[in-house]
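Descriptive analysis of the structure
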Amino acid sequence: MTTNALLEVNNLTVEIPTRRGTLIPVNEVSFNIDRGEIVGVVGESGAGKSITGSAIIGLLDPPARIAGGSVTLQGKLISDMNENQLRDIRGKRIGTVFQDPLTSLDPLMSIGNQLSETAMAHLNIGRDQAREKALQALIDVGIPAAESRLDAYPHEFSGGMRQRVVIALALIGDPELIIADEPTTALDVSVQAQVLMLLKRLCKERNTGVMLITHDMGVIAETTDRVVVLYAGRVAEIGDTRQVLTAAIHPYTQGLVGATPNPTNLANSQERLNQIPGTMPGLLSMPAGCPFHPRCSEVMEVCKTTLPTLSQRENSTIACHLGAEAKT
Amino acid sequence: MFAYIIRRFFQGALVLGIVGFIAFSMFRFIGDPYENILGQDATVLDRQALEERLGLNKPIAIQYLKFLGNAMQGEFGVSYRNGIPVSEMIAQRLPATIELAIVSALFALFLGVLLGVYTAINRDGFLANFIMTTSLIGVSLPTFLIGILLIWVFAVELNVLPSFGRGETVEIWGWKTGLATASGLKSIILPAITLGLYQMTLVMRLVRSEMLEVLRTDYIRFARARGLTRRAINFGHALKNTLLPVITIIGIQLGQIIAFAIITETVFQWPGVGLLFINAVNFVDVPIMATYLLLVGSLFVVINLVVDLLYVVIDPRLRLDGTEAR
Amino acid sequence: MSDSRWLRWWQSDVMWSWRRSPVAIVSTAVFFALAFAAIFAPLVAPYTPFDPSSLNLMDGFTAPGETGMGSGNKYWLGTDDQGRDIFSAILYGMRLSLFIGVMAVTLAAILGISLGLIAGYFGGWIDAVIMRIADIQLTFPSILVAMLIFGVARGLTPPELRDQMAVWVLIISIGLSDWVQFARTVRSSAMVESRKEYVQAARLIGRSPMIILRKHLLPNVMSPVLVIATISLALAIILEATLSFLGVGAPPTKPSLGTLIRIGQDFLFAGEWWIILFPSLTLLVLALSVNLLGDWLRDVLNPKLR
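Residue positions are given per chain, counted from 1 along the sequence in the order it is written. Here the convention is simple: chains get letters from A, ligands get numbers from 1, in the order in which they are written. The model is predicted, so local features are restricted to residues of pLDDT at least 70 and side-chain atom pairs to those at 80 or more, both for listing and for counting; the totals for chains, interfaces and linings are taken over all residues. Excluding hydrogens and water, the side-chain figures rest on all heavy atoms present in the structure.

**Here we look at the overall build of chain C**
Check the secondary structure of chain C and you find 14 helices and zero strands. The numbering of helices and of strands both runs from the N terminus, where a helix is a DSSP run of H or I of at least 4 residues and a strand a run of E of at least 2. Helices (α) and strands (β) of chain C occur, in sequence order from the N terminus, as α-α-α-α-α-α-α-α-α-α-α-α-α-α. Relative to its 306 residues, chain C shows a buried fraction of 51%. Restricting to contacts in chain C with at least 6 residues of sequence separation, those with at least 24 account for 68%. Working note: accessible area of chain C is about 14,600 Å², and carbon and sulfur atoms make up 66% of it. Burial here depends on accessible area, computed with a 1.4 Å probe over protein chains only, as a share of the maximum for the residue type. Under 20% is buried, over 50% is exposed, and the range in between is partly exposed. Here, two residues are considered to be in contact whenever any of their heavy atoms come within 4.5 Å of each other. Note on areas: Shrake-Rupley with a 1.4 Å probe; residue coverage comes only from the protein chains shown.

See below:
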């Protein structure tokens, strides 16, 4: 894609050395995110979504480590930065929203203090200004009676409100990019949409790029501009959201889309949702060739021996042998 | 929260009631109270007079209430051994024990938290590993051996610190303190280290494991993702969350210090209540044993109450509704 | 044990990690060597130190490795003021220390497991009463509880029997001071277990509570109990030594390691360091080996237990 992308992830590979061999939860993953663009990263649990997110901001838990590839933010390489340099990236240029708002906040510090502490770490401002900034951040994320809630502690907020606070924390340093790791999974269904819309609105207003990690195709459909589909640590398909949802090419993506209930014909639909048979292979028992071939409905001989490479097909980039030979 | 404190208060009162009953039973049922007080040559008339005077012919419940009433007025009877009122003996020796306990508790707490945080943050460092290994030996080393070892090194071989006693004391507002004289300060060093070392290792190991646990939590990860400095994360977030569970244990440790003071006082011939108690156990001097039990019991109850209150102060989750999150 | 059972035991998870832990191997070896020497003290010890007729006062204060002035006997670890062989005294003392420790832990375990099972299985007011007692006792350090029980028991025994009864009084006071840990752990396991369907089913078909407790609940709590028992043994040995050192334990006529250290303390200033050093070292090595064993067991059987 374009070279002036906000975030460029190039052949990113993550290794976890274990006693029973080296695991590769993220394998040569590449994608870009532009300013103001919301990119969904989707896949089953264990596909490497969250690890990719952690690797970008250098928060991999040891012994996991980046073994290859690069991450650049606005042309600047950040994947080889040390902890001190990364501190100026985290929070200031890349904000993060974790899955569980119940555990993301320090239970013993008022949210006002957590907000102004973050603001002071990045914006070179004093205590009073930081407090004003914190108040404004709470108003921005739609916390009612924000002024009186500054001195409240996390346990005094509901789950949805807490996630709003987490979003406020992620945005307070005015980052160019937000990495949101399953931001609504732990929330009640009724507040999921509200929080997603809030995140979407704020980022569009500020022209902030978003990497939205999720396993929920419904969330992808409602929120994102583009989608990266991960399978077993590798990119299966990248494309515009509408393209992927309506005319997915990779059989795995088709399966994912087919496994999501379609609200328009839910009422008259008598048929069961399509399921992808089988489960994703474990990291220690990766099959030869295309990792998806044991579950693929359109498996060919070549799939069992050769790993498909990414190639441009219509509006998508996919890694699949299907239809590839017709093109070349 | 108010209800929580009240409930804790009543629990404390219940504990004290039970401790009091045990103390009372010791008085009443160990040995023959007549013989204990009057000696073996008492006449029947003497016995009757004593029975009348002490109310030993009244129902047990009445006797118990009378015992509690007396105890609240500081009236604990007379030592079987030398006939001096127990309250007097205790009052005379209490300052020595309290000073020793406080100095060693501060030593244990300060150094324990410091080393615990250090070993948690530098988990795989050489010095941290060395401290951890040494601490295991420290846990296996009985208090009295530590004391003997210190005496041997610093009093016998190097001859720099006294091996027994409190040194010179001065009286300040009716309190006989050894902390105001040079020889008193020198005298408290070895006993305080002896008494505090074990607690120090415990506090250290506890702080370390709690801190490691906290460092793994989501909010610490999130704090890192927010780009906070390591200092802010370790001391602003991790340490505060670590100290919460540690406070309870430290409360219990304070109780332990009082109990272990018995050993230290014996090793160093420190003239405190612990030494008094151990001699009482040896000679089955029931009034002193019972009084010591009551004293230590009330102290523990008070410590537990203070710990509960501290919890409320530190943990905002407890301020609103005291029942959860305990 | 037949060959295959022996092999299965050798290849079990516990033994697997035992073979890979040098600390575990060394501490097991040290502990069993000490225990062996203690059990067979009458055979291993070169002298009978507490038989007054065999003592030679002229041998008093013989330094380690020297020969006694009176008898011409050689003493590896020296003698005390009365010419008793320190090495033999340590063996007999360790025998007593281990005996008291093991018996006390057994008592604590039986008491704690029974009360814990009962509290966890029946719940309700029985549970409330038992656990409240445990809470109250836990407020008091075990050494204090043990001393009080010791003092009370001493008060209840006639003075002329006190020395004879001292060992049993020690066992009871240490045992009673240490049951709470067992009870708490067993209770929580029993509570979880008794809600499970197989126990409910056993209840429904009318099995008696005794059989359910013994057959279904007990086996499930054995591994944490083993860990606690090992750690308790180290604590019991130290506690016994402490009590004896303080003079409220084993009497000088039948000394344990703690009593020997108490005796030796008097001679430290005079320069007869061996009288106190060797019993102290023995106690330290004994306690350390059991402690390390307990630490290792805890890691293997139940990493969550702290």
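**Let's talk about the side chain of Ser30 of chain A**
Residue and element names in this part refer to chain A. Within the secondary structure layout, Ser30 lies in strand 2 (residues 21-33). Exposure remark for Ser30: the relative accessible area of 17% places this residue in the buried category. At 2.7 Å, the side chain of Ser30 and the backbone nitrogen of Asn11 are in polar contact. Setting aside residues up to four positions removed in sequence, Ser30 forms contacts with Val9, Asn10, Asn11, Val235 and Ile238. Within 3.5 Å is the distance limit for a polar contact, defined as a pair of N or O atoms, with the added protein rule that one can donate a hydrogen and the other accept it, and that residues adjacent in sequence qualify only through two side-chain atoms.

**Comments concerning the interface of chain B and chain C**
The extent of an interface is frequently quoted as the accessible surface area lost upon association of the parts. Across the contact, 44 residues belong to chain B and 37 residues belong to chain C. When chain B packs against chain C, the two sides together hide about 3,600 Å² of surface, and 78% of this comes from carbon and sulfur. What makes a salt bridge here is a side-chain nitrogen of Lys or Arg within 4 Å of a carboxyl oxygen of Asp or Glu, nothing more. Put simply, chain B and chain C have zero salt bridges between them. In this assembly, chain B and chain C are joined by zero residue pairs in polar contact (both at pLDDT 80 or more). Broken down by secondary-structure element, the contributors of at least two residues to the side of chain B that touches chain C are helix 1 (2-29), helix 6 (126-140), helix 7 (143-157), helix 8 (182-215), helix 10 (230-267), helix 11 (273-283) and helix 12 (286-314) of chain B. Using a 1.4 Å probe, buried area is obtained as the accessible area two parts lose upon being combined, added over both of them.

**Topic: the sheet that holds strand 9 (residues 226-231) of chain A**
All names here are of chain A. At least two bridges found by DSSP between two strands are what make those strands a pair. The strand order 6-7-8-3-9-10-12-11 describes an open sheet built from eight strands, whose pairing is mixed. Looking at which strands have only one partner, the edges of the open sheet turn out to be strand 6 (94-97) and strand 11 (310-313). Along the sheet, successive strands turn relative to each other by an average axial angle of 20 degrees, direction set aside. One ladder, built from three bridges, connects strand 10 (residues 234-240) with strand 12 (residues 316-319); its direction is antiparallel. Each residue of the ladder has a partner; that of Ile238, found in strand 12, is Thr317. In this analysis, axes come from line fits to C-alpha atoms, helices being fitted only over the stretch in contact, and the angle between any two N-to-C directions falls in the range 0 to 180 degrees. Along the sheet, helix 8 (residues 189-206) contacts strand 3 (38-42), strand 7 (177-181) and strand 8 (209-214); its crossing angle with strand 8, the most-contacted strand, is approximately 160 degrees.

**Considering the packing of aromatic side chains**
Paired rings are identified among Phe, Tyr and Trp, the last through its six-membered ring, by centres lying within 6.5 Å, and are further divided according to the angle between planes into stacked (under 30 degrees), edge-to-face (over 60) and tilted (the rest). Using the criterion set out here, one finds twelve aromatic pairs over all chains in the structure. Note on Tyr198 of chain B and Phe260 of chain B: the rings are 5.9 Å apart at their centroids and 50 degrees apart in plane angle, and the pair reads as tilted. In this pair, Tyr198 of chain B is assigned in helix 8 and Phe260 of chain B in helix 10, connecting sequence segments 62 residues apart. The residues Tyr198 of chain B and Phe260 of chain B share a single accessibility class, namely buried. Measuring from centroid to centroid gives 4.8 Å for Phe36 of chain C and Phe40 of chain C, while their planes differ by 50 degrees, and the two rings are tilted.

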